[in-house]
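# Remarks on the overall topology
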Amino acid sequence: MDVLYNMKREAYRRGLSPRTISTYAQCIRQFMAFRKKDLKQATKKDVREYIDTLIDRNACGNTLNVHINALRFVLQEILNKKVMIKVRYSKTPKSLPVVLSREEVMKLFSAIQNATHKLMLELIYSAGLRVSEAVALKAGDIEPERGIGWVRHGKGNKDRPFIIAKCISEKVWGLINGKDADAFLFPGRNGHLTVRSVQEIIKDVAGKAGIRKRVHPHTLRHSFATHLIEDGYDIVSVQPLLGHSSAKTTLIYVHTANPERIKVKSPYDTMQGK
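Here's what I pulled together on the structure shown here. Computed from a prediction, not measured in an experiment: that's the story for all the values here.

### Overview of the sheet that holds strand β3 (residues 160–163)
Pairing between the strands of a sheet is mediated by backbone hydrogen bonds and can be parallel or antiparallel. The 3 strands are arranged β1-β2-β3 in an open sheet whose pairing can be described as antiparallel. Each having just a single partner strand, β1 (142–143) and β3 make up the two edges of the open sheet. Of the strand pairs in this sheet, β1 and strand β2 (residues 148–151) are connected by 2 bridges, and their pairing is antiparallel. Considered in β2, the bridge of Glu143 is made with Ile148.

What follows is the structure, given as structure tokens:
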């Protein structure tokens, strides 16, 4: 376990997110359980056979890539072993994210009975937050006078501001009123509301609202970005709001936008004088 300890220390030093570090550690534990030998004795054959077992279990491209990255990080960066095999990164099918229409968003919110749960989902949608970012919000992260909030130590361990919609601002101010700066906006049993709880909440509400799409918290974030593009905001404006390090990641929402919303007319309609 000394190797895992050193891996975590080095990963934190390099600014990897806690989630990535936890995932890497789990991948390494699985590899150790498979090969049952000290990592310092791992060979290229061990790595190849381990990856092959994942392929045999029909692991998706993302899973393979995460395991490859974890092994590469530990074996090459921590143990200075040149045993990594040349595995071409498995391509993941580029499917477009599920997006709710504006009407479906309003329908979803109308079906929520619990005021706190409603505000949580409204905040996720209206600011384009990741659910992990929303549940971790504290009273001190909100700046009422500026109409913004702050995601602290988000993906990539970065801070970024987010907008607070005027239509929910009074409810947000009421939520933080009288709370200490370190108090969570959405408290739970062990600190703050869990990601799992929010997932169950939105799944239940989507069913009550009669929405047939597979809805999860990230669907609201996808919808936020798509609706901004439809409203005429460019990629450069949307990218920092989502906390994307690359504009290529944000570009996907151009493909999910409704052509009618972004005033795109088919050339065939032009030919017909429509």
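### Notes on unusual backbone geometry
Residues apart from glycine generally show negative phi values, whereas peptide bonds are mostly found in trans. Residue Asn80 is not a glycine yet carries a positive backbone phi of 55 degrees. By relative accessible area, which is 65% here, Asn80 ends up exposed.

### Looking at the pairing of β3
Judged by which residues are buried, β3 turns out to be one-sided: Arg160 and Phe162 face inward and are buried, whereas Pro161 and Ile163, on the alternate face, are not. Strand direction decides the pairing type here: β2 and β3, joined by 4 bridges, are antiparallel. Bridge pairing in β3 links Trp150 to Pro161.

### Points about the environment of Gly210
Tracing the backbone shows Gly210 in the loop between α9 (195–208) and α10 (217–230). For Gly210, a relative accessible area of 48% corresponds to the partly exposed category. Counting along the chain gives 145 residues from Gly210 to Asn65, while the straight-line C-alpha distance between them is 37 Å.

### So, the nonpolar core
Grouped together as the largest cluster of nonpolar side chains are 49 residues, with contacts concentrated most on Leu108, Met120, Leu121 and Phe162. With 7 residues, helix α6 (residues 115–127) is the single largest residue contributor to this core. Those residues in contact with Phe162 that sit more than four places away from it in its chain are Leu123, Ala127, Leu129, Leu137, Ile142, Ile148, Gly149, Trp150 and Val151. Among the nonpolar cores identified, the runner-up in size contains 25 residues, and Ala11, Val47, Ile68 and Phe73 belong to it.

### With respect to helix α2 (residues 18–35)
Residues that lie three or four places apart on an α-helix share one face, since the helix turns once every 3.6 residues. In this model, α2 (18 residues) spans 26 Å end to end at C-alpha, consistent with the 26 Å of a helix rising 1.5 Å per residue. Of the residues making up α2, those classed as buried are Ile21, Tyr24, Ala25, Cys27, Ile28 and Phe31. Along the axis of α2, the buried positions cluster into a sector of 160 degrees, meaning they face one direction only. Residues of α2 that are exposed and angled more than 90 degrees away from the buried face: Pro18 and Arg19.

### With respect to the packing of aromatic side chains
Using the criterion set out here, one finds 4 aromatic pairs in the structure. An angle of 80 degrees between the planes, with centres 5.3 Å apart, marks the rings of Phe31 and Tyr50 as edge-to-face. Of the two residues, Phe31 is situated in helix α2 and Tyr50 in helix α3 (residues 44–56); the sequence distance between them amounts to 19 residues. With a relative accessible area of 2%, Phe31 lands in the buried category. With a relative accessible area of 2%, Tyr50 lands in the buried category. Ring geometry for Phe109 versus Tyr125: centroids 6.2 Å apart, planes at 65 degrees, classification edge-to-face. Here Phe109, found in helix α5 (residues 102–110), pairs with Tyr125, found in helix α6; they are 16 residues apart in sequence, far enough to count as distant.

### So, the layout of surface pockets
The computed volume of the second largest pocket comes to approximately 290 Å³. Considering the residues around the second largest pocket, the lining is formed by 15 residues, among which Glu122, Tyr125, Ser126, Ala165 and Cys167 are closest to the centre. Elements with a contribution of two residues or more to the lining of the second largest pocket: α5, α6, α8 (166–176) and α10.

What counts and how
- Residues numbered from 1 in each chain as written.
- Predicted model: local features only at pLDDT ≥ 70, side-chain atom pairs only at ≥ 80, totals over all residues.
- Heavy atoms only, no water.
- Pairing = 2+ DSSP bridges.
- Helix = DSSP H or I, 4+ residues; strand = E, 2+ residues; numbered from the N terminus.
- Buried < 20%, exposed > 50% of the residue type's maximum accessible area, 1.4 Å probe, protein only.
- Core = buried A, V, L, I, M, F, W, Y, C linked by side-chain atoms within 4.5 Å.
- Contact = heavy atoms within 4.5 Å.
- Expected span 1.5 Å × (residues − 1).
- Arc of directions from axis to C-beta.
- Phe/Tyr/Trp six-rings, centres within 6.5 Å; stacked < 30°, edge-to-face > 60°.
- 1 Å grid on protein atoms, 1.4 Å probe; cavity = no way out; pocket = protein on both sides within 12 Å on 5 of 7 lines; lining within 4 Å.
- Points joined across faces, edges and corners; volume = space filled by probe spheres on them.

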